[in-house]
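The lines below spell out each chain.
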Amino acid sequence: MTEFEHVPVMPDQVIEYLSPKPGRVYGDGTIGAGGHAELILESAPDTRVVGLDRDPAMLEIARQRLSRYGDRVRLIHASYEDIGEVLPDLNLEKIDGMLLDLGPSRDQLAGRTAGEGRGFSMWGDEEPLSMAYDPGQPRTARELLARLSERELKELFGQTLRGGEVGSVVKSILKARESAPIETTAQLTALLREALAYRGPAVEKRMAAAYAAIRIAVNREIEVMKRGIDEAVEVLRTGARLIIISFHGLEHGAVRSHLRNLEGKRLGPPRLIGAPRSKGKLKVLTPRPLFPDEGEVAENPAARSARLHAAERL
Ligand SMILES: C[S@@+](CC[C@H](N)C(=O)[O-])C[C@H]1O[C@@H](n2cnc3c(N)ncnc32)[C@H](O)[C@@H]1O
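How each quantity is defined
- Residues numbered from 1 in each chain as written.
- Predicted model: local features only at pLDDT ≥ 70, side-chain atom pairs only at ≥ 80, totals over all residues.
- Heavy atoms only, no water.
- Helix = DSSP H or I, 4+ residues; strand = E, 2+ residues; numbered from the N terminus.
- Expected span 1.5 Å × (residues − 1).
- Buried < 20%, exposed > 50% of the residue type's maximum accessible area, 1.4 Å probe, protein only.
- Pairing = 2+ DSSP bridges.
- Axes fitted to C-alpha atoms, helices over the stretch in contact; angles between N-to-C directions.
- Contact = heavy atoms within 4.5 Å.
- Near = heavy atom within 4 Å.
- Polar contact = N/O pair within 3.5 Å; in protein donor to acceptor, adjacent residues only side chain to side chain.
- Nonpolar A, V, L, I, M, F, W, Y, C, P; charged D, E, K, R; others polar.
- Right-handed = clockwise from strand over helix to strand, strands pointing away.
- Domains from an automatic or database assignment.
- Buried area = accessible area lost by both parts, 1.4 Å probe.
- Salt bridge = Lys/Arg side-chain N within 4 Å of Asp/Glu carboxyl O.
- 1 Å grid on protein atoms, 1.4 Å probe; cavity = no way out; pocket = protein on both sides within 12 Å on 5 of 7 lines; lining within 4 Å.
- Points joined across faces, edges and corners; volume = space filled by probe spheres on them.

## Points about helix H10 (residues 203-218)
So, point 1. For H10, with 16 residues, the first-to-last C-alpha span of 23 Å sits near the 22 Å given by 1.5 Å per residue.
So, point 2. For H10, the tally of buried residues reaches 13 of 16 residues, placing the bulk of the element in the interior.
So, point 3. In the stretch just after H10, Arg 220 is the one whose phi turns positive, near 45°.

In structure tokens:
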């Protein structure tokens, strides 16, 4: 059995909001190590899961973990934004709920997949600077750090770093790449540590924020998430639930406002609370995103920044 580290976050809330029913089919757009999928398969008799992941190594972990469920589980190497194309190949048109658990899994961060780390984390051993969930995609961290203009780099790091930090990191990258390409986590970590050092003891948090900005850009995570929600809405049956777990401040706001956009628009004066809405595609069930309780965070500190958003297809 393949080992895995990833512990599914907010398990009780995921099952409460997804509310799986016997014999129904659920999409897990980011199956990862299969933790949430296992909960769905255990939550009611004969539930079925269509699991997608961009990382073939994570699909292999999920395959081994979920093998005892036989053909109740179908695993596909695809991005969740393509769920609409995947389902017809499985003779499915609609599904009864969908989960998106965004961001990298602990196994990817720990560089334990595909025999070779992909540079997701500044804590691991020296790894090539890919940060692509799909190892087959040409867009990598290495490639972006070599190619982006000063303005584009400022935009990228401006997503997660503060003004002065952005200038300092971008200046260091431009200088470093004049002599040699930035190709490994060791190089990037040393560069960031130096560029951000004068910012005081919280430097590691700021370095992690810089890593997150690069990973989000490499995988175009915000655009993909929006397209993924739009696609999910098209394949969900009326009454089916969409659950999204986000981990990063950038994602929380983007998920929330995108779900709101798909809710009906308020008719009448914009501030009139209680004014009727035009018919939208979704009803948001979590006006404020839910977060993990203290007990969960104590047991699984990685869950600390998780936020759960739930909506129902109208
Ligand atoms: C946080 S992990 C999911 C963990 C999983 N819920 C569990 O309990 O084991 C997120 C997974 O999403 C995958 N991923 C990221 N972007 C994706 C995309 N656009 N489409 C499909 N999978 C994606 C990553 O490769 C990773 O395996």
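Past the structure itself, the notes keep going.
## What about the sheet that holds strand S1 (residues 25-28)?
So, point 1. Sheet architecture is open: 7 strands sit in the order S3-S2-S1-S4-S5-S7-S6, paired in mixed fashion. Both edges of this open sheet fall to strand S3 (73-77) and strand S6 (282-284), since each of them pairs with a single strand only. On average, each strand axis in the sheet is tilted by 20° relative to the strand beside it, whichever way the strands run.
So, point 2. Note that strand S4 (residues 95-101) and strand S5 (residues 236-246) share 6 bridges and pair parallel. Its bridge partner being in S5, Gly 97 is matched across the sheet by Arg 241.
So, point 3. Packing of helix H3 (residues 56-66) onto the sheet brings it into contact with strand S2 (48-53) and S3, and relative to S3 it is tilted by some 170°.

## Looking at the site of the ligand
So, point 1. Around the ligand, the structure places 25 residues, and the nearest of them are His 36, Asp 53, Asp 101, Gly 103 and Gln 108.
So, point 2. Measuring from an oxygen atom of the ligand, one finds a backbone N or O atom of Ala 33 at 3.1 Å.
So, point 3. Backbone polar atom of Gly 35 to an oxygen atom of the ligand: 3.1 Å apart, as the coordinates give it.
So, point 4. Looking at the shell around the ligand, its residues break down into 10 nonpolar, 11 polar and 4 charged.

## Considerations on the pairing of S2
So, point 1. When you tally the buried positions in S2, you get 5 out of 6 residues, the bulk of the element.
So, point 2. Sheet analysis places S1 next to S2, joined by 4 bridges and oriented parallel. Counterpart to Gly 27 in the pairing with S2 is Val 50.
So, point 3. Strand direction decides the pairing type here: S2 and S3, joined by 5 bridges, are parallel. Along S3, the bridge assignment pairs Val 50 with Arg 74.
So, point 4. With H3 bridging S2 and its parallel neighbour S3, the resulting β-α-β unit is right-handed.

## Structural notes on the domain arrangement of the chain
So, point 1. Taken as a whole, the chain is organised into domain 1 (11-107 + 221-313) and domain 2 (140-218).
So, point 2. Computed over C-alpha atoms only, the centres of domain 1 and domain 2 are separated by 31 Å.
So, point 3. Across the boundary between the two partners, domain 1 contributes 7 residues, which contact 5 residues of domain 2.
So, point 4. Across the domain 1/domain 2 interface, buried area totals approximately 560 Å², and carbon plus sulfur atoms make up 61% of it.
So, point 5. A per-residue breakdown of the area domain 1 buries against domain 2 is headed by Glu 221, His 248 and Leu 250, which together make up 78% of the total.
So, point 6. On the surface where domain 1 and domain 2 come into contact, there are 1 salt bridge.
So, point 7. Salt-bridge contacts for Arg 215 lead to Glu 221; the nearest nitrogen and oxygen are separated by 2.9 Å.
So, point 8. The interface formed by domain 1 and domain 2 contains 2 residue pairs in polar contact (both at pLDDT 80 or more).
So, point 9. Split into classes, the residues belonging to the side of domain 1 that touches domain 2 amount to 3 nonpolar, 2 polar and 2 charged.

## Some remarks on the layout of surface pockets
So, point 1. The volume enclosed by the second largest pocket comes to roughly 330 Å³.
So, point 2. Around the second largest pocket, the lining comprises 14 residues; the ones closest to its centre are Arg 139, Glu 155, Leu 156, Gln 159 and Ala 217.
So, point 3. Elements supplying a minimum of two residues to the lining of the second largest pocket: helix H6 (141-147), helix H7 (150-158), H10 and helix H11 (221-235).
So, point 4. For the lining of the second largest pocket, a count of residues per class yields 7 nonpolar, 1 polar and 6 charged.

## Re the pairing of S4
So, point 1. Among the 7 residues in S4, 7 count as buried, and that is most of the element.
So, point 2. As paired elements, S1 and S4 share 2 bridges and run parallel to each other. Within S4, the position partnered with Asp 28 by the bridge is Leu 99.

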